[in-house]
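Coordinate inspection notes
Spelled out, the chains give:
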Amino acid sequence: MELAELQSAWNLVNVDVQRKDILDEQAVRTRIRRSSGTELAGIKRALQFKFLIGTTVAVIAIGASLGSALAPREFHPLDFLFSARETTLFYGTLSVSLCCMLFFNHRAYRFIGALERSTEDVKTSLERFIQVMERAMRFNIYSDTFMSPVFFTWFYYAYAFREHDLDWDIRGLLLVLLPVLVGVFSFFFQKYMQHLKFGRYLDRLKYYLQSLDAKKED
Amino acid sequence: MSDKKAKEQEFVKKITASQAIIHKVCRMYCDDEEHRKDLFQEILVQLWKSYPSFRGEAQFSTWLYRVALNVAIQDFRKEKKRRLLFFESYDFREVVDERRNELEDERLKKMYRAISQLDKVERAVVLLHLEGKGHAEIAEIMGITQNYVRVKMTRIRKKISKKIKSK
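Treat the numbers as computed from the prediction; the structure is a model and nothing was measured.

Structural notes on the overall build of chain A
- On a plain count of helices and strands, chain A comes out with seven helices and zero strands.
- For chain A, the sequential pattern of α-helices and β-strands runs α-α-α-α-α-α-α.
- The C-alpha atoms of chain A give a radius of gyration of 26 Å, which is well past the 17 Å a tight globule of 218 residues would have.
- The principal-axis extent of the C-alpha atoms belonging to chain A is close to 85 × 45 × 25 Å.
- Taken across its 218 residues, chain A has 43% of its residues classed as buried.
- Restricting the contact set of chain A to residue pairs at least 6 apart, pairs at least 24 apart contribute 71%.
- Accessible area for chain A stands at about 12,500 Å²; split by element, carbon and sulfur atoms hold 62% of it.
- Of note, chain A has its 27 positive side-chain charges centred 3 Å away from the centre of its 24 negative side-chain charges.

Here is the structure:
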């Protein structure tokens, strides 16, 4: 089939579209109010959910940290696990890591929002889309890398030092090593998961981008 | 009428008048009715989101092509659903229409078969060409040079005729 033949067949598509597909104003109005189902919209919705949960927990953690610091006798919700001082530290570190997570999520959200409103040519849009996807993935990895070590280390601390004092023995050494190990593991695990989810999709988009670059293609 | 409602009214009027462009983009990229509807919906939502950035510097139709093609190229859900990840060749199924004769049906089938050999970027270039856009406008929409549009068109021509001959 030559392009001329393609053109004559395309004229049939033109007729078809006019005959079958045209919607009235009301139908168009209804459709623009529906939500998007793209990959980016999915990531954005997940970030919104994380943001909502994260903010709620962060506010509670900050409140609990202040409460246990200012009135340790009256406010001691984790007395079955920690001392008053440890409870303040636990909520304090939880607040800091949640704030870090929220910061990275917020940045990813802003990048996606800016991309959704842009109307650049196909090549520029692809470049930006890939960049934003990679950044959103990176921020997602960072936010989880911050959270996991905090939880694991405090759980370990609650378990291992329930009946022992903190000292420079094997338990103490593990307490120092655990956040590093969990952090490293969490980073690579998240990286792998993100690659599994979006890796091939991104590779495909990169291939399209390359096919729009005269120098790279040649 | 509030400013937002007036803006929406203006947008709906413009899109209703130019919607054929979106439908044609959907026909170029989708192999069945359900996928077409999904992509049409997605393009509409994206157009509405990005409408505030349309300041009339380019023609409305140029802007429309840009957004619609960007959504179509970056669209991924249908491919994922079908577990046909990253295979470009779809078996296009054109809706049966009694008003069309056999010859026309055959021509359409041949056209969709030819299109299915092209990747998403090549489909965008072909669509713009079939829509009567000149090299300058295709270059503007795609973000490449006019010279590279010519190169792309030559490659597409060769690809289509080579595939057809091999069958």
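As for the overall build of chain B
- The secondary structure content of chain B amounts to eight helices and zero strands.
- Taken from the N to the C terminus, the helices and strands of chain B come in the order α-α-α-α-α-α-α-α.
- Expressed as a percentage of its 167 residues, the buried residues of chain B come to 57%.
- Only carbon and sulfur atoms are counted for the fraction: they give 51% of the accessible area of chain B, which is about 7,900 Å².

What about the confidence of the model for chain B?
- Per-residue pLDDT for chain B averages 82, and the proportion of residues at 70 or more is 82%.
- Confidence over residues 82-94 of chain B falls short of pLDDT 50; this stretch has 45 contacts with residues more than four positions distant or in other chains.

Comments concerning the interface of chain B and chain A
- Taken together, the 69 residues of chain B in the interface contact 55 residues of chain A.
- Interface area, chain B with chain A, both sides summed: about 6,000 Å², of which 58% is carbon and sulfur.
- Remark: the boundary between chain B and chain A carries six salt bridges.
- Here B:K13 makes a salt bridge to A:E25, at a shortest N to O gap of 3.4 Å.

Looking at empty space enclosed by the protein
- Inspection of the entire model under this criterion finds three cavities of 30 Å³ or more.
- For the largest cavity, the calculated volume is near 230 Å³.
- Going through the elements one at a time, α4 (84-116) and α5 (122-160) of chain A together with α2 (33-50) and α3 (60-74) of chain B are the ones with two or more residues in the lining of the largest cavity.
- Looking at the lining of the largest cavity, the element that brings in the most residues is α3(B), giving four residues.
- For the lining of the largest cavity, the class distribution of residues is six nonpolar, eight polar and two charged.

Criteria and cut-off values
Residues numbered from 1 in each chain as written. Chains lettered and ligands numbered in written order. Predicted model: local features only at pLDDT ≥ 70, side-chain atom pairs only at ≥ 80, totals over all residues. Heavy atoms only, no water. Helix = DSSP H or I, 4+ residues; strand = E, 2+ residues; numbered from the N terminus. Rg over C-alpha atoms; globule rule 2.2 N^0.38 Å. Buried < 20%, exposed > 50% of the residue type's maximum accessible area, 1.4 Å probe, protein only. Contact = heavy atoms within 4.5 Å. Areas by Shrake-Rupley, 256 points an atom, 1.4 Å probe, with all protein chains shown as cover. Lys, Arg positive; Asp, Glu negative; His and termini not counted. Charge placed at Lys NZ, Arg CZ, Asp CG, Glu CD. pLDDT = per-residue confidence, 0-100. Buried area = accessible area lost by both parts, 1.4 Å probe. Salt bridge = Lys/Arg side-chain N within 4 Å of Asp/Glu carboxyl O. 1 Å grid on protein atoms, 1.4 Å probe; cavity = no way out; pocket = protein on both sides within 12 Å on 5 of 7 lines; lining within 4 Å. Points joined across faces, edges and corners; volume = space filled by probe spheres on them. Nonpolar A, V, L, I, M, F, W, Y, C, P; charged D, E, K, R; others polar.

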